[in-house]
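Per-entry structural report
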Amino acid sequence: MEPKAARSRRRAGSRREQEERPSGGGNPEALGGPDLVQWTQHMEAVKAQLLEQAQRQLLELLDRAMSEAVQSYPPQGRPLPTIPPDSPNKTQEPSLKKRKVFINRKSLLDELMEVQHFRTIYHMFIAGLCVFIISTLAIDFIDEGRLMLEFDLLIFSFGQLPLALMTWAPMFLSTLLAPYQALRLWARPQASGAWTLGAGLGCVLLAAHTAVLGILPVHVAVKHQLPPASSCVLVFEQVRLLMKSYSFLREAVPGILRARGGEGVRAPSFSSYLYFLFCPTLIYRETYPRTPNIRWNYVAKNFAQALGCLLYACFIMGRLCVPVFANMSREPFSTRALVLSVMHATLPGIFMLLLIFFAFLHCWLNAFAEMLRFGDRMFYRDWWNSTSFSNYYRTWNVVVHDWLYSYVYQDGLWLLGGQARRAAMLGVFLVSSVVHEYIFCFVLGFFYPVMMILFLVIGGPMNFMMHDRHTGPAWNVLMWTMLFLGQGIQVSLYCQEWYARRHCPLAQTTFWGLVTPRSWSCHI
């Protein structure tokens, strides 16, 4: 028999357990109702968000550390040479210069598109395109009594496109075969008596390749009077293939020269060179970081967006530029009319700048990067946040900037002894301005050095005056103001010259007649 006192204590403990035990059997809803469930879900969401932010920051730190480690790694497994502290020349030789490092990373706009607020800005641009389409339909219905979108400007711009593509074929074949075969000839064993003959033949191949790329597209464009878009295809491919050819030889030849000896040097594989000709970079490497698979829906989306930007640009030109500048040469010249035309062109000019950036540097390059599984998608940085022109030039087009920095600035700095940074920067501006002006001259069919003057005469000094030490929103506003005015000047002057050359053709073709702006004297 259980003692009475023990039974009493057991009954009292049982009552206390029943009183302290939750009535819901551990169910959160019974503990605190729906509020506790919502609070638990909220804390789970906060935890997931914190983990995601921590992971992103950790990845950025690791990428930066890996980039610095790769840049400091000695090439060809050789130790870095030590330079005495009292040596007058501390400049690294070109083979040891700071090299571009490729890592897997997404484009900045792809990351920003994950934010709802930024997607809303993107939707606003789409709404603007819809407004242009609606206005075009409304005007056609009022004037012609029909609803039809006309693409006369687009059809004219891409006229004779098959001829441009046929011209591209020998340009590409020349780039595919000549530089690679020349490198293979130079990589043969020097002990062989035929090495000198092979090296000379390689130089001949490169000279022929340069002549094909330099002369063929210019001849076709001038002889057949290619329209702007078709000319743009040719000149962009001409410049791109020349820059890729130079990068391939510049990266591969120093290794061959350093390994001169009795045995031959292994040339880069043909497959790596072929991949380089199509991948969206101008810096040659034998291998690049690759993504695991291809997202074909992402490819289709980017090509569709590029096509939308092209239509957007045509509507802007047709609605905001052609009606203003088509008949401007029929009116007497005045400073007031010129200033008003520049101010009117600022809005379409900045729209064109943004469309070119989004269509080419984001959509087009990302589409090809995805098809080729090219991992490094940093084709641009946050140039829109720039507070100095030096930062803007570095971040606007990273693809071209990497080429200019590697092969013009750094090589120029090495040739000048490392003591002339400003001279090397001036060389970069000179090369860039000449190439930009050449592209405009090729596309438009006339020489009018507006771009060169803006880029070299104004952009160069602004690069030194608006440097990286200037920060704050006021400097960003100033930079955007300068961009608006620069785009307005370009659109206004180039459009005036385009129509002046059609309204006032030369009675006799002379050199000075070709290089003198026609818009200064054409008044009909």
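Residues numbered from 1 in each chain as written. Predicted model: local features only at pLDDT ≥ 70, side-chain atom pairs only at ≥ 80, totals over all residues. Heavy atoms only, no water.

Going by what an unreviewed UniProt entry lists, the chain is known as O-acyltransferase and is assigned to Myotis myotis. Regarding the chain, the relevant UniProt record gives this comment under Sequence similarities (unreviewed entry): "Belongs to the membrane-bound acyltransferase family. Sterol o-acyltransferase subfamily." The Subcellular location (unreviewed entry) field of the UniProt record for the chain holds the comment "Endoplasmic reticulum membrane". (UniProt positions renumbered as here; feature names shortened; annotations may be inferred.)

What follows deals with the overall build of the chain. Along the backbone of the chain there are 18 helices and zero strands. Looking at the chain as a whole, 39% of its 524 residues are labelled buried. Long-range pairs, those at least 24 residues apart, make up 74% of the contacts in the chain between residues at least 6 apart in sequence. Element-wise, carbon and sulfur atoms account for 66% of the exposed surface of the chain, whose accessible area totals about 30,300 Å². (Helix = DSSP H or I, 4+ residues; strand = E, 2+ residues; numbered from the N terminus. Buried < 20%, exposed > 50% of the residue type's maximum accessible area, 1.4 Å probe, protein only. Contact = heavy atoms within 4.5 Å. Areas by Shrake-Rupley, 256 points an atom, 1.4 Å probe, with all protein chains shown as cover.)

Time to look at the UniProt feature "transmembrane region" (unreviewed entry) in the chain. Mapped onto this structure's residue numbering, the UniProt feature "transmembrane region" (unreviewed entry) falls at residues 121-142, 154-173, 194-220, 264-283, 303-326, 338-361, 438-458 and 478-495. With 85% helix and 0% strand, the stretch residues 154-173 has end C-alpha atoms that lie 29 Å from each other. Annotated as 96% helix and 0% strand, the span residues 303-326 places its first and last C-alpha atoms 32 Å apart.

This next bit is on the confidence of the model for the chain. Here the chain averages 80 in pLDDT, and 80% of its residues register 70 or above. Averaged pLDDT values for the elements of the chain fall to 46 in helix 2 (residues 28-32) and rise to 93 in helix 10 (residues 270-278). Counted against residues more than four places away or in other chains, residues 70-96, with its pLDDT under 50, gives 31 contacts. (pLDDT = per-residue confidence, 0-100.)

Before going further, it helps to examine the UniProt feature "active site" (unreviewed entry) in the chain. Per the UniProt record, "active site" (unreviewed entry) is annotated on His-436. Position of His-436 relative to the elements: it lies in helix 15 (residues 421-444). Sequence-distant contacts of His-436, that is, excluding residues within four places in its chain, are made with Met-451 and Phe-455. Among the polar contacts made by the side chain of His-436, one reaches the main-chain carbonyl oxygen of Ser-432 at a distance of 2.7 Å. (Polar contact = N/O pair within 3.5 Å; in protein donor to acceptor, adjacent residues only side chain to side chain.)

A word on the environment of Leu-413. Here Leu-413 lies in helix 14 (residues 398-415). Spatially, the C-alpha atoms of Leu-413 and Met-425 are 8.9 Å apart, while their sequence positions differ by twelve residues.

For the rest of this paragraph, the subject is the packing of helix 11 (residues 296-325) against helix 12 (residues 335-371). Angle between the axes and distance between the axes are the two parameters that describe a pair of packed helices. Relative orientation of the contacting elements helix 11 and helix 12 amounts to 165°, with a least axis distance of 9 Å. Taken together, helix 11 and helix 12 sit at an angle that is classed as roughly antiparallel. Pair helix 11 / helix 12 crosses with left-handed handedness. Looking at the contact of helix 11 with helix 12 residue by residue, the class counts come to 26 nonpolar, six polar and one charged. (Axes fitted to C-alpha atoms, helices over the stretch in contact; angles between N-to-C directions. Parallel < 35°, antiparallel > 145°, perpendicular 65-115°, else oblique. Left-handed = near helix turned anticlockwise from the far one by under 90°. Nonpolar A, V, L, I, M, F, W, Y, C, P; charged D, E, K, R; others polar.)

Following the criterion strictly, the structure yields 40 aromatic pairs and no others. Among the aromatic side chains, those forming a connected cluster through ring pairs are Phe-357, Tyr-380, Trp-383, Trp-384, Phe-389, Tyr-392, Tyr-393, Trp-396, Phe-429, Trp-480 and Phe-484. Above the plane of the ring of Trp-498 lies Arg-502, whose end atom (NZ or CZ) is 3.5 Å from the centre. (Phe/Tyr/Trp six-rings, centres within 6.5 Å; stacked < 30°, edge-to-face > 60°. Lys NZ or Arg CZ within 6 Å of the ring centre and 35° of its normal.)

Topologically, Ser-492 is positioned in helix 17 (residues 473-503). When near neighbours in sequence (up to four residues on either side) are disregarded, Ser-492 contacts Phe-325, Ser-341, Val-342 and Ala-345.

In this section: the side chain of Ser-230. For Ser-230, the position within the fold is in helix 9 (residues 228-258). We classify Ser-230 as buried; its relative accessible area is 0%. Ser-230 has contacts with Ser-157, Phe-158, Gly-159, Gln-160, Leu-161 and Ala-164, leaving out every residue within four places of it along the chain.

With that out of the way, let us pick up the pattern of salt bridges. Summed over the entire model, instances satisfying the criterion amount to nine salt bridges. The closest approach of N and O atoms between Glu-237 and Arg-240, which form a salt bridge, is 2.8 Å. Of the two residues, Glu-237 and Arg-240 both sit in helix 9, three residues apart, roughly one turn of that helix. Looking at Glu-237, the relative accessible area reads 16%, which means it is buried. Between Glu-497 and Arg-501 there is a salt bridge, and its shortest N-O distance comes to 2.8 Å. Pair noted here: Glu-497 and Arg-501 are both in helix 17, with a separation of four residues, about one helical turn. (Salt bridge = Lys/Arg side-chain N within 4 Å of Asp/Glu carboxyl O.)

A negative phi angle is the norm for most residues apart from glycine, just as the trans form is the norm for most peptide bonds. The phi dihedral of Gln-160 is positive, around 60°, even though this residue is not glycine. With respect to the secondary-structure elements, Gln-160 resides in the loop between helix 6 (152-157) and helix 7 (161-186). Look at Gln-160 and you get partly exposed, because its relative accessible area is 34%. Residues other than glycine seldom take positive phi values, yet Arg-373 does so here, at roughly 55°. Mapping Arg-373 onto the fold places it in the loop between helix 12 and helix 13 (389-396).

Formed by 80 residues in total, the largest nonpolar core has its most connected members in Phe-248, Tyr-288, Phe-357, Phe-374, Trp-383, Tyr-392 and Trp-403. Looking at which element gives the most residues to this core, the answer is helix 12, with eleven residues. In this structure, Met-328, Phe-446, Phe-455 and Trp-498 belong to the second largest nonpolar core, which totals 18 residues. (Core = buried A, V, L, I, M, F, W, Y, C linked by side-chain atoms within 4.5 Å.)

Our next topic: helix 11. With 30 residues, helix 11 should reach 44 Å at 1.5 Å per residue; the first-to-last C-alpha distance of 42 Å fits that figure. Along helix 11, the helix axis deviates most sharply at Gly-318, where the bend reaches about 35°. (Expected span 1.5 Å × (residues − 1). Bend = angle between axes of the 7 residues up to and from the residue.)

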